[in-house]
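One letter stands for each residue in the lines below.
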There are 2 protein chains.
Amino acid sequence: MSPAPATASVRIESALEAALSRADGGLAPPGLAAAMRHAVFPGGARVRPQLCLAVAQACGGDEPALAEAAAAAVEFLHCASLVHDDMPCFDDAAARRGRPSVHKAFGAPLALLSGDALIVLAYSTLAQAGAVAPARLAALIQVISRGVGMPLGIVAGQAWESEPNPPLELYHQAKTGALFVAATMAGAVAAGADPHPWRALGERMGLAYQAADDLLDAIATPEEAGKPTGQDAAHLRPSLVAELGLRGAYARLETLVGECMAAIPSCEGSRELKDLVARQATRLAPKSLAQSAA
Amino acid sequence: MSPAPATASVRIESALEAALSRADGGLAPPGLAAAMRHAVFPGGARVRPQLCLAVAQACGGDEPALAEAAAAAVEFLHCASLVHDDMPCFDDAAARRGRPSVHKAFGAPLALLSGDALIVLAYSTLAQAGAVAPARLAALIQVISRGVGMPLGIVAGQAWESEPNPPLELYHQAKTGALFVAATMAGAVAAGADPHPWRALGERMGLAYQAADDLLDAIATPEEAGKPTGQDAAHLRPSLVAELGLRGAYARLETLVGECMAAIPSCEGSRELKDLVARQATRLAPKSLAQSAA
């Protein structure tokens, strides 16, 4: 393993820990503080913050603390969406990352509040770091909010599941792609670069991730996935497997991984970024998945 | 009625409408867009944004658009907390402001998501307006986030209800006071003024408001209140009425209103602010309430 990802992981975990420590200081209600930590640690692959930091690095990385805050904000927003999506009124999922989901461990009230508190923490983390580069803060918040809020962010994606005939591409783009786009564009903004060349990479990564997630949901056991599987079929949700079948969905995933590599703008740090995408691709589309889909 | 509050009301409603229009543009999932509007319009007294604008005005009001964004952000966060607090896992309240609550009208999934989307909208509204005064944006977000998030904001206040022995003063301060403090301090920051002299006014207003709300919950019919009453007793929640009895709680409310007037820092616009507080006091502590409490 090259040293770069280890360093990025340490930076991400430190940024998350520092922000959470500010949030659950001395006078905080202990149940909510514990629920927030349960939602954030231990994490999954942290793919969105990894991507955010890698793009900031590729763009010169002149404000590393701001890039770390952006990466932490994106991850907090992702964790908040997982906590809320797992709740009884959505997936009613008892497990996440191989442990009880937040509402199973702490009850629905603290699950609901921990999601809310993590959204707020995402923005206060940005503001705390943004004071050193105020000119970038407004753009950072806009880019990240577009990935989360209405009309095209992850809450919109989740809301399409309440509509009778969701437009499939818009639904997928909002449900998963939007936060990947936020991650890549925020990395660029944090480094003072133009974010627009970085949109395509985020879009492709999001689509690849969604395709892999749909395949995992259709194929994997709950033990392998660390969460309930078969959920798309159970909730009659639109999914790439429902649309294209197993083999078609796997072929689409392979195409998308290639498109991710091609979407990386040429820049000084593009080699490290290609390494990151290649590692994620191996993780997303392992040989075993290809065999199951065959 | 003096012209000042009408103007402030128009500014507030316009700011809320402009932000919501950005959020529910063409491609938004229609159910979530409608749920967000239901949560925000028609509003209640809009006391927090009124207070925010009045403080900004009292401080010179040199960036009116930023003050309007701060006022809208505070109101969106308040509306989000009402939507989530009304949900089945908390108050399970069927009505709010005399209409069905959001989860009754749109179901729990869209209620949960509309709260999330309103939190995000609060911050993107700040960022949109903050681009013209970037140096103030970071401070604005910090001041407002402290009123909402952990460890001392409204989500912390709500979370204290899940604890066996909540510290009463901290609970009340977080549950209601924190967002009033955010409103007054944000008004000052938006106008480029030192926010700290404005903390006391927000604290006293929040305590007065909580006292009036506790009394209303104990005394009023659901028709009078526009929402279910008797909730504190039903959920065995700590309340000023449970602590001091009806007469004691009313006496405390009268004291708090006096403290609000005394907490207004002397400044150019303090007369208009005193008018606003007096109008709110008449609304909060009407004669009928005194008779019921006697």
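All values reported here derive from a predicted model rather than from experimental measurement. (Residues numbered from 1 in each chain as written. Chains lettered and ligands numbered in written order. Predicted model: local features only at pLDDT ≥ 70, side-chain atom pairs only at ≥ 80, totals over all residues. Heavy atoms only, no water.)

1. Description of the pattern of salt bridges
All names here are of chain A. The full count for this structure, using the stated rule, is 30 salt bridges over all chains. A salt bridge links Glu17 to Arg37; the nearest nitrogen and oxygen atoms lie 2.9 Å apart. Of the two residues, Glu17 is situated in helix H1 (residues 3–23) and Arg37 in helix H2 (residues 30–40); the sequence distance between them amounts to 20 residues. Looking at Glu17, the relative accessible area reads 32%, which means it is partly exposed. Judged by relative accessible area, which is 25%, Arg37 ranks as partly exposed. The partner of Lys227 in a salt bridge is Asp213, with the nearest N and O atoms 3.3 Å apart. A residue pair is termed long-range when its members are at least 10 positions apart, and Lys227 in the loop between helix H11 (222–225) and helix H12 (231–234) and Asp213 in helix H10 (residues 199–219) qualify at 14 residues. Look at Lys227 and you get partly exposed, because its relative accessible area is 22%. Salt bridges sharing common partners tie together Asp91, Glu161, Lys175, Asp232 and Arg237. (Salt bridge = Lys/Arg side-chain N within 4 Å of Asp/Glu carboxyl O. Helix = DSSP H or I, 4+ residues; strand = E, 2+ residues; numbered from the N terminus. Buried < 20%, exposed > 50% of the residue type's maximum accessible area, 1.4 Å probe, protein only.)

2. Some words on the interface of chain A and chain B
With 49 residues of chain A in contact, the opposing surface of chain B contributes 49 residues. Between chain A and chain B we count 0 salt bridges in total. Taken together, the connections running from chain A to chain B amount to 6 residue pairs in polar contact (both at pLDDT 80 or more). Of the residues forming the side of chain A that touches chain B, the biggest block, 13 residues, is contributed by helix H6 (residues 108–130) of chain A. A per-class count over the side of chain A that touches chain B returns 36 nonpolar, 10 polar and 3 charged. (Contact = heavy atoms within 4.5 Å. Polar contact = N/O pair within 3.5 Å; in protein donor to acceptor, adjacent residues only side chain to side chain. Nonpolar A, V, L, I, M, F, W, Y, C, P; charged D, E, K, R; others polar.)

3. Observations concerning helix H13 (residues 240–262) of chain A
Residue and element names in this part refer to chain A. Compared with an ideal rise of 1.5 Å per residue, which puts 23 residues at 33 Å, H13 spans 22 Å between its outermost C-alpha atoms and falls more than 12% short. At Leu246, H13 is bent by approximately 95°, the largest bend along its length. Looking at H13, one finds that the buried residues are Leu240, Val241, Ala249, Tyr250, Leu253, Leu256, Val257 and Cys260. Put simply, Ser239 is the residue that caps the front of H13, since its side-chain oxygen is 3.2 Å from the backbone nitrogen of Val241. (Expected span 1.5 Å × (residues − 1). Bend = angle between axes of the 7 residues up to and from the residue.)

4. Description of the confidence of the model for chain A
For any part of a model where pLDDT is low, the fine detail of the predicted coordinates should not be relied upon. Residues of chain A with pLDDT of at least 70 account for 95%, and the chain-wide mean is 91. Across the assembled chains, the prediction reports ipTM 0.93 with pTM 0.93. (pLDDT = per-residue confidence, 0-100.)

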